[in-house]
Amino acid sequence: MEFSETVSTAFEALRLNKMRTVLASLGIVIGIAAVIALISLGQSSQKAVEAQIQSLGSNLLTVMPGAQTSGAVRGAAGGATSLTYGDSEAILSSPQVTAVANVSPELSQRSQVVAGRNNTNTQILGSTPAYAEVRKLTVASGRFLSQQDIDAMTKVAVLGPEVAATLFGYGADPIGQSVRINNMSFRVIGVTASKGGSGFMNQDDMVFVPITTAQKLLFGVDNIGSISIAAKSEDLMNQARNEVGYLLLARHNLSDPAQADFSIVSQEDVLGAASQVTGTFTTLLSGIAMISLLVGGIGIMNIMMITVIERTREIGLRKSLGARKRDITAQFLIESIILTVVGGVLGIALGVLLSFGIGRLMGLPFYVSASSIFLSMGVSGGVGIIFGLYPAQKAANLSPIDALRFE
């Protein structure tokens, strides 16, 4: 009964100062909403990256060139020009390599693509017919690259759906139309089916051309950028990695694996690195959001201190009638907790709505974890206790005689 009366009194005190109660809770509402929305943004980004990587297949290996060196300076991994089209052909035809199902050499670079008055800056990917199988890509209309296109270095292009829509409009049929890449005219022979995604791995925002055309006509290089390898099964991934590694060491006249001018990564490696990056990103966003909660807590403490001053005579009267220190402490502490918990509930609702809206705007999956909601509720309650304790104790320690004399 004593506790219920204290809670009832706390609600009544907050109800008498509606505007102050709303303003005091507002900081917590914004803080909790920011925590929910930013954690959701980080987790949704991580889910999107994971889904995009996994959609490429669990049996995919990628051979990347090593780092480029200049004197004593070593550049970033992948900057060297150590891989050739012949390397990819050797992997597929060598009797030493038995665990590989297919191979796709690739060479990519960003470039401006123009069609009439429309243009877009996108990724130009030189590859072979095997790319569609290795990368699990399907064609929505027209056809994909053929071996004849590779052998003849034809100037043909397969557009991703986003590129097709940007250059020719949604619903238009670009098959047979021409686009210009690096001031060269290419005939459109196909449009790929949408796979979804965003960022540098977005296959919907790419233009596919024969790899020989990309090497000799567009970019003027003899090397390739990477080699995608489909192992015969997920169980044979390590065997495929070892077989390809030893073959390339022999082709590059290297005997020590530590001196390899290439690296072989699996989807699991890429997924682990991406998860680490997005995890760090989520932690950073959470830390920023916690600052807003701290500001909201300081606002609660400020409001409670003002309340103690305004109700000094009331405190003196209650103490003179027999109220104990713990009664006064509980009174103000419960008021503080109510402010933060109510603000926390409203903040969670606002945060979920913000998460949904941000996801729709950015094309990310909507994801709010239960842990972030429970964390937010716990933090809001903790903020009420931590920032309400000092004003509550200050009220409890007032002398009843001095409090009654207070003007």
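Residues numbered from 1 in each chain as written. Predicted model: local features only at pLDDT ≥ 70, side-chain atom pairs only at ≥ 80, totals over all residues. Heavy atoms only, no water.

## Considerations on the overall build of the protein chain
- The helix and strand inventory of the protein chain stands at 13 helices and 12 strands.
- The buried share of the protein chain, taken over its 407 residues, is 45%.
- By sequence separation, contacts in the protein chain at least 24 residues apart represent 76% of the contacts at least 6 residues apart. (Helix = DSSP H or I, 4+ residues; strand = E, 2+ residues; numbered from the N terminus. Buried < 20%, exposed > 50% of the residue type's maximum accessible area, 1.4 Å probe, protein only. Contact = heavy atoms within 4.5 Å.)

## What to know about the environment of Val139
- Topologically, Val139 is positioned in strand β6 (residues 139–142).
- Looking at Val139, the relative accessible area reads 31%, which means it is partly exposed.
- Considered as a pair, Val139 and Val158 are 19 residues apart in the sequence and their alpha carbons are 8.9 Å apart.
- In this structure, Val139 is in contact with Phe144, Val191, Thr192 and Ala193, ignoring residues within four places of it in sequence.

## A word on the environment of Ser185
- Inspection of the secondary structure assignment puts Ser185 in strand β9 (residues 184–192).
- Setting aside anything within four residues of it in sequence, one finds Ser185 in contact with Lys155, Ser178, Val179 and Arg180.

## Some thoughts on the nonpolar core
- With 43 residues, the main nonpolar core has Val63, Ile91, Val207, Val209, Ile229 and Val244 as its most contacted residues.
- Per-element accounting of this core gives the leading share, 6 residues, to helix α8 (residues 237–251).
- The next biggest cluster of nonpolar side chains, apart from the first, holds 29 residues, and it includes Ile334, Leu339, Val383 and Ala395. (Core = buried A, V, L, I, M, F, W, Y, C linked by side-chain atoms within 4.5 Å.)

## What to know about the side chain of Ser226
- The topology assignment puts Ser226 in strand β11 (residues 226–231).
- Residue class for Ser226 comes out buried when judged on its relative accessible area of 10%.
- For Ser226, the residues in contact, after removing those within four places along its chain, are Thr62, Val63, Met64, Leu83, Ser104, Pro105 and Glu106.

## Regarding a nonpolar patch on the surface
- A cluster of nonpolar side chains, contributed by Met19, Leu23, Leu26 and Ile30, occupies part of the molecular surface with about 410 Å² of accessible area.
- Within the fold, Ile30 resides in helix α2 (residues 18–54).
- On the basis of relative accessible area, Ile30 is assigned to the partly exposed category, the value being 49%. (Patch = residues over 30% accessible without salt bridge, like charges linked within 9 Å, V, L, I, M, F, W, Y side chains within 5 Å. Areas by Shrake-Rupley, 256 points an atom, 1.4 Å probe, with all protein chains shown as cover. Salt bridge = Lys/Arg side-chain N within 4 Å of Asp/Glu carboxyl O.)

## Brief notes about the pattern of salt bridges
- Across all of its chains, the model carries 4 salt bridges by this definition.
- The salt bridge involving Arg135 is made with Glu106; its shortest N-O contact spans 3.3 Å. Of this pair, Arg135 sits in the loop between α4 (130–134) and β6 while Glu106 sits in strand β4 (residues 100–115); the two residues are 29 residues apart in sequence, bridging distant segments of the chain. There is no split in this pair, since Arg135 and Glu106 are both buried.
- Notably, a salt bridge pairs Lys216 with Asp222, separated by 2.7 Å at the nearest N-O pair.

## What to know about the packing of helix α10 (residues 312–320) against helix α11 (residues 325–362)
- Contact geometry of α10 with α11 gives a least axis separation of 10 Å together with a crossing angle of 145 degrees. Considering the relative orientation of α10 and α11, their crossing is right-handed. Residue-level contacts link Ile315, Arg318 and Lys319 of α10 to Lys325, Ile328, Gln331 and Phe332 of α11.
- Among the residues making up the contact of α10 with α11, the classes are represented as 3 nonpolar, 1 polar and 3 charged. (Axes fitted to C-alpha atoms, helices over the stretch in contact; angles between N-to-C directions. Left-handed = near helix turned anticlockwise from the far one by under 90°. Nonpolar A, V, L, I, M, F, W, Y, C, P; charged D, E, K, R; others polar.)

## Concerning unusual backbone geometry
- Here Lys136, not a glycine, exhibits a phi torsion of approximately 55 degrees, which is positive.
- If you trace the backbone, Lys136 turns up in the loop between α4 and β6.
- Not every positive phi belongs to a glycine, and Asn253 is a case in point at roughly 55 degrees.
- Structurally, the position occupied by Asn253 is in the loop between α8 and β12 (262–266).
- Asn253 sits in the exposed class, given a relative accessible area of 69%.

## A closer look at helix α7 (residues 211–219)
- Burial within α7 is extensive, with 7 of its 9 residues counted as buried.
- Of the positions making up α7, those classed as buried are Ile211, Thr212, Thr213, Ala214, Gln215, Leu218 and Phe219.
- Positive backbone phi, at 65 degrees, marks Gly220, one or two positions downstream of α7.

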